[in-house]
Amino acid sequence: MLTSTSLYKQSLPFPHSRQVFITATDINGVVLMQDVPVVSGSVSASLTSRVTRSMDLEVTDDLFPTNPDHPLSPYKSVLHVSAGIGYPDGSSESFPVFTGRIYEASRNGDGSVTLRCDDLAADVLAFRFEQPTSSSAGASTVAQIQWFISQALPQATFGVNDVDDQAT
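Residues numbered from 1 in each chain as written. Predicted model: local features only at pLDDT ≥ 70, side-chain atom pairs only at ≥ 80, totals over all residues. Heavy atoms only, no water.

(A) Spatial organisation of the layout of surface pockets. Roughly 980 Å³ of volume is contained in the largest pocket. Lining the largest pocket are 31 residues, with L120, A121, I149, T157 and F158 positioned closest to its centre. When grouped by side-chain class, the residues that make up the lining of the largest pocket number 17 nonpolar, 10 polar and four charged. The calculated volume of the second largest pocket comes to roughly 290 Å³. Forming the boundary of the second largest pocket are 15 residues, of which V20, G41, S42, V81 and A83 lie nearest the centre. Elements that contribute at least two residues to the lining of the second largest pocket include exactly β1 (17–25), β3 (40–47), β4 (51–59) and β5 (78–86). It is β3 that contributes the most residues to the lining of the second largest pocket, four residues altogether. (1 Å grid on protein atoms, 1.4 Å probe; cavity = no way out; pocket = protein on both sides within 12 Å on 5 of 7 lines; lining within 4 Å. Points joined across faces, edges and corners; volume = space filled by probe spheres on them. Nonpolar A, V, L, I, M, F, W, Y, C, P; charged D, E, K, R; others polar. Helix = DSSP H or I, 4+ residues; strand = E, 2+ residues; numbered from the N terminus.)

Spelled out as structure tokens, the structure:
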């Protein structure tokens, strides 16, 4: 559960504005574009055997990536999306909603551009674990899983978990 301030909880029943913030970075977190302007978008989640998120984002025609170095290029960009509410004093409170790579940019008939994105779990699934690897004796199951994820995403960070963990 994400934490929020008491002001956030008090504001929800009353008029407020919805705020969305999108930043494009490279995989190492170097900012390529801040406050990406959005026409529309949606994030969906699949809750089958693992949680995955995907996002479709519509941006204006001038943001179509024309080369591999463009800030919204599928070859380069990771989008970080936060959403929340804006307060009357101009401040806002937001929470992370999505982090993932752009895997396709397409130009629509009306001149808009659609960016299709998958969360970083897709990088782990697509990673070619080419060497058979034994578990580390005595390491916890969670530590082993984190090690595998780090092989695919060296910059991955892990928070605290509350699962019943066992040694491998």
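(B) Region of interest: the environment of F95. Along the chain, F95 turns up in strand β6 (residues 92–107). Separated by 49 residues in the primary sequence, F95 and S46 place their C-alpha atoms 20 Å from one another.

(C) Structural detail: the nonpolar core. Core analysis: the largest hydrophobic core is formed by 17 residues, its most contacted members being V36, M55, L57, V59, L72, L79 and L115. When contributions to this core are tallied by element, the ones reaching two or more residues are β1, β4, β5, β6 and β7 (113–119). Not counting the four nearest positions on each side in its chain, L79 is found in contact with I22, T23, A24, M55, L57, L72, F98, T99, G100, I102, L115 and C117. (Core = buried A, V, L, I, M, F, W, Y, C linked by side-chain atoms within 4.5 Å. Buried < 20%, exposed > 50% of the residue type's maximum accessible area, 1.4 Å probe, protein only. Contact = heavy atoms within 4.5 Å.)

(D) Expanded view of unusual backbone geometry. Positive phi outside glycine occurs at D35, with the angle close to 50°. Tracing the backbone through its elements, the reader meets D35 in the loop between β2 (31–33) and β3.

These figures capture arrangement, not role.
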